[in-house]
Amino acid sequence: MRLNRKDILGIEDLSVEELETILSTAESFKEVSTREIKKVPTLRGKTIINLFYEASTRTRTSFEIAAKRMSADAVNISVSTSSVVKGETLKDTAKNLEAMKPDCIVIRHSSSGAPHGIAGYVGCSVINAGDGNHEHPSQALLDMLTVREHKKSLAGLKLAIIGDVKHSRVARSNIYGFTKLGASVVVCGPATMLPPGIEALGCKATVNVEDALRDADVVMMLRIQLERSKGADFPNAREYSRLYGLDDVKLRKAKKDVLILHPGPMNRGVEISAEVADGPYSLILDQVTNGVAVRMALFYLLLGTSREDAPKAI
Amino acid sequence: MRLNRKDILGIEDLSVEELETILSTAESFKEVSTREIKKVPTLRGKTIINLFYEASTRTRTSFEIAAKRMSADAVNISVSTSSVVKGETLKDTAKNLEAMKPDCIVIRHSSSGAPHGIAGYVGCSVINAGDGNHEHPSQALLDMLTVREHKKSLAGLKLAIIGDVKHSRVARSNIYGFTKLGASVVVCGPATMLPPGIEALGCKATVNVEDALRDADVVMMLRIQLERSKGADFPNAREYSRLYGLDDVKLRKAKKDVLILHPGPMNRGVEISAEVADGPYSLILDQVTNGVAVRMALFYLLLGTSREDAPKAI
Amino acid sequence: MRLNRKDILGIEDLSVEELETILSTAESFKEVSTREIKKVPTLRGKTIINLFYEASTRTRTSFEIAAKRMSADAVNISVSTSSVVKGETLKDTAKNLEAMKPDCIVIRHSSSGAPHGIAGYVGCSVINAGDGNHEHPSQALLDMLTVREHKKSLAGLKLAIIGDVKHSRVARSNIYGFTKLGASVVVCGPATMLPPGIEALGCKATVNVEDALRDADVVMMLRIQLERSKGADFPNAREYSRLYGLDDVKLRKAKKDVLILHPGPMNRGVEISAEVADGPYSLILDQVTNGVAVRMALFYLLLGTSREDAPKAI
């Protein structure tokens, strides 16, 4: 099986069928990472470039491990050691990398739309690993996979996304994804963190955390950028935590079998209490495990041959 | 086939026969990067260390991809994360790396001659990936390969190299290479960028860009280091561009079927106009593609067994 | 064969039998790095993460090469490009990495005990690649292997460790290791560099370098951190060198067939003279070669299957 597209740039672009295909393929690849020999030969001889213009442990490592478990060659380029400091345009960087005949470029960039630009310049596949405040599709896919494992279907679920929605590409991708699969999404945060018009994406918005949490099936807490607290977005970490931080008390508003997600890295005691992060409803580490499976699936569906379907190819 | 030498330190050292062998081998390896499975087992179990004391996207990535497509293990060491900050001598670093039994050390260093020093200290192969203002042999080889693909032979061609010749290891390696293969070379730039005595390398030198371009078969534009413009080398980017930047008007002096090269990264609008860079005569991306093939060939000719010749080994 | 433990955190924890097993296994793996094809398939499909919170050339490179020669997938994470700058706790970083299903995490950290913390959080193997002033077990193992190659047994030997003992994890691990295997250890340095109570580890301590060197079978020089000379630890490099630097004159106090070790990187002319470093008694480069073998052995003994013993598995 193979997706009928070259790139994964955002959840907004993906059809329900494509989402289902990716999630099902990821489920089948998840087993590979539990084997004694965690490696399949599927993408041997493929070259995957991880082009990261922003620092990242978990995302870059997850893509790199996914590539290697598929037997692809992974090459990392990080901005701090790269010639982009020399002022080359993004287009020239893209065309130059393409000339080395990679099969896929995974890109993280601080500018929204940078991966789309690159995808238009190159013939190889491009995966958006996070662009500005725009999208982070592989994160949303792993979030959907994690919920689907526990709820079978996303249809009819209520997802509450709480925190700095305005600066969150994770929120944006998840709004697209969960609503496409039939869930209802409410975003919540201080007014300064709710972008005007966010409802146009298909979600509700509220500053009232109790409203957001009420009867929620899934709660996704967003990371607070503490370094932004000097601006006007929020008064300070303690005040933010008191109003919007998820703790056992606030959580009582949600459903009994609520699921807790967080994209990481967490600020424990700020947006999420340690009790909740480590509690029985938390799927935060499942998300990370599923991240590798989702990325293996994306590589497979973009780069694999069309002759075989996923389970056999494994 | 195998070169009868341990190291590739500069084009100055290579015989015409060696140049021809490298270029022919590179041609045969070029096909590997166009395959569905871009990998040959030739150098399995070989260890290649990329030791970069200067930042680089394209050169380090090109060597790394070349190593991996040959199935060698590639290990990257960049100065920013290395213990060289602790003041160890280059010799001790070299001897220590050698003690880990690599088959090849690829080194880029800001000091001219550093790779030669290392090559004298270690028993394994050393490839100079750029040393100070001295040489960058794999760049010149990919330039020669690119021209040869279009002109069959370099003999009798006129190559114009335009820009900051004084600080360019690319210029120096290409002067050696193109003259050895029978081309005539003229270097051109403001007087401040033409090193005294450059003609001793076998080229002509001129400050007159029209003279340089007249009837040129190949024009190689050099990158201007804008950060140097505060010194005395050139007044400013606009003035430089007006006098020495390659645009469609200046290009009319060259032959009708002129080929345009640039080692990258380009300053569009400074040393080269976008029209020329993206125009029909530009081979700038072919250079990058050929870079991988040339580096595969160098690894093969230095590290491969002598029992097989290149095409069969592939 | 396989060690009956999950982690290698320090020499202090290891029994004599375990030390002997590791050293014997390392001896058998040493031959792999001398082959034409320096690679065994033993750990194919295993994922090894090198998590370095401190810069390092030789140790990280040695672990990476060891992993690759065992056919494991190696993933490097260095602090400068990692999200630990975002303030995530070490525990969360560990749990997140574990969720990606690595088989081993190799960690270097400036805080003593950090690897022990991580080992307690994760189910996979953890190898301490140096923690604060505490331990550096793979370094001590390669030191023991190097001496054993020349002296057959460590029992009855006198080891002198000279330098900044107080800040040296190398010294601490070697005191544990050499005394366990029957050697006597004396540490020596200015009083400011000898931690009070060091004798409790089973060694003697002296400020008199002649006493330390007298009849020594092995002399291990420690690196002086020149950047500490502004503090009170020692007056200046020249004075330190005169009093404690190892040169041919001081070396006459030791046995005729003395062996010289240094963990690197060396400050030539400070703690060790060039004559001694490059002289006939120096095993400094043997140490580096043995480092790869020791790390291959550790990976094998922690991650390999229990069905085969080392020599056959190779």
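Because the structure is a prediction, the values reported are computed rather than measured.

Examining the overall build of chain A
Then step 1. A count of helices and strands for chain A gives 12 helices and nine strands.
Then step 2. Taken against the 2.2 N^0.38 rule, which gives 20 Å for 314 residues, the C-alpha radius of gyration of chain A at 19 Å falls within 12% of a compact globule.
Then step 3. With the C-alpha coordinates aligned to their principal axes, the bounding extent of chain A is approximately 50 × 45 × 35 Å.
Then step 4. Out of the 314 residues belonging to chain A, those deemed buried represent 63%.
Then step 5. Within chain A, counting contacts between residues at least 6 apart in sequence, those at least 24 apart form 74% of the total.

Quick notes on the pattern of salt bridges
All names here are of chain A.
Then step 1. Taken as a whole and assessed by the stated rule, the structure comprises 63 salt bridges over all chains.
Then step 2. Linking E64 and R60 is a salt bridge whose minimum nitrogen-to-oxygen distance equals 2.4 Å. Placement of the pair is E64 and R60 together in helix 2 (residues 58–69), with a separation of four residues, close to one helical turn. Each member of the pair E64 and R60 is classed as buried.
Then step 3. K253 is the salt-bridge partner of E210, the closest N and O atoms lying 3.6 Å from each other. In this pair, E210 is assigned in helix 7 (residues 209–213) and K253 in the loop between helix 9 (248–251) and strand 9 (259–261), connecting sequence segments 43 residues apart.
Then step 4. With relative accessibility at 39%, the residue E210 sits in the partly exposed group.

Observations regarding the interface of chain B and chain A
Then step 1. Each partner contributes to the interface: chain B provides 27 residues, whereas chain A provides 27 residues.
Then step 2. Counting the surface lost from both chain B and chain A, the interface buries some 2,600 Å², and carbon and sulfur atoms represent 51% of this.
Then step 3. For the pair chain B and chain A, the interface holds five salt bridges.
Then step 4. For B:R58, the salt bridge identified is with A:E88, shortest N-O distance 2.6 Å.
Then step 5. One can count 13 residue pairs in polar contact (both at pLDDT 80 or more) joining chain B with chain A.
Then step 6. Mapped by element, the contributors of at least two residues to the side of chain B that touches chain A are helix 2 (58–69) and helix 11 (284–303) of chain B.
Then step 7. Per-element tally for the side of chain B that touches chain A: the top contributor is helix 2 of chain B, with eight residues.
Then step 8. Partitioned by chemical class, the residues of the side of chain B that touches chain A number eight nonpolar, nine polar and 10 charged.

Side note on the relation of the copies chain B and chain C
Then step 1. Take chain B, turn it by 120 degrees, move it 0.0 Å along the axis, and it overlays chain C with an RMSD of 0.0 Å. Within this description, the copies of the chain are treated as partners about a three-fold rotation axis.

A word on the interface of chain B and chain C
Then step 1. Each partner contributes residues to the interface: chain B has 27 residues there, and chain C has 27 residues.
Then step 2. A combined buried area of about 2,600 Å² lies between chain B and chain C, and 51% of that area is made up of carbon and sulfur atoms.
Then step 3. Here chain B is connected to chain C by five salt bridges.
Then step 4. Among the salt bridges present, the one from B:D73 reaches C:K39, with a minimum N-O distance of 2.8 Å.

With respect to the sheet that holds strand 9 of chain A
Residue and element names in this part refer to chain A.
Then step 1. Taken in spatial order, the five strands of this open sheet run 7-6-5-8-9, and their pairing is parallel. Taken across any chain shown, the strands that pair with only one partner, and hence form the sheet edges, are strand 7 (204–206) and strand 9. Mean inter-strand twist for the sheet, computed between neighbouring axes without regard to direction, equals 20 degrees.
Then step 2. Here strand 6 (residues 184–188) runs beside strand 7; their pairing, made up of three bridges, is parallel. Counted as the bridge partner of V186 is K204 from strand 7.
Then step 3. Against the sheet, helix 5 (residues 137–151) touches strand 8 (218–221) and strand 9, its axis set at about 165 degrees to strand 9.

What counts and how
- Residues numbered from 1 in each chain as written.
- Chains lettered and ligands numbered in written order.
- Predicted model: local features only at pLDDT ≥ 70, side-chain atom pairs only at ≥ 80, totals over all residues.
- Heavy atoms only, no water.
- Helix = DSSP H or I, 4+ residues; strand = E, 2+ residues; numbered from the N terminus.
- Rg over C-alpha atoms; globule rule 2.2 N^0.38 Å.
- Buried < 20%, exposed > 50% of the residue type's maximum accessible area, 1.4 Å probe, protein only.
- Contact = heavy atoms within 4.5 Å.
- Salt bridge = Lys/Arg side-chain N within 4 Å of Asp/Glu carboxyl O.
- Buried area = accessible area lost by both parts, 1.4 Å probe.
- Polar contact = N/O pair within 3.5 Å; in protein donor to acceptor, adjacent residues only side chain to side chain.
- Nonpolar A, V, L, I, M, F, W, Y, C, P; charged D, E, K, R; others polar.
- Least-squares fit on C-alpha atoms with pLDDT ≥ 70 in both.
- Pairing = 2+ DSSP bridges.
- Axes fitted to C-alpha atoms, helices over the stretch in contact; angles between N-to-C directions.

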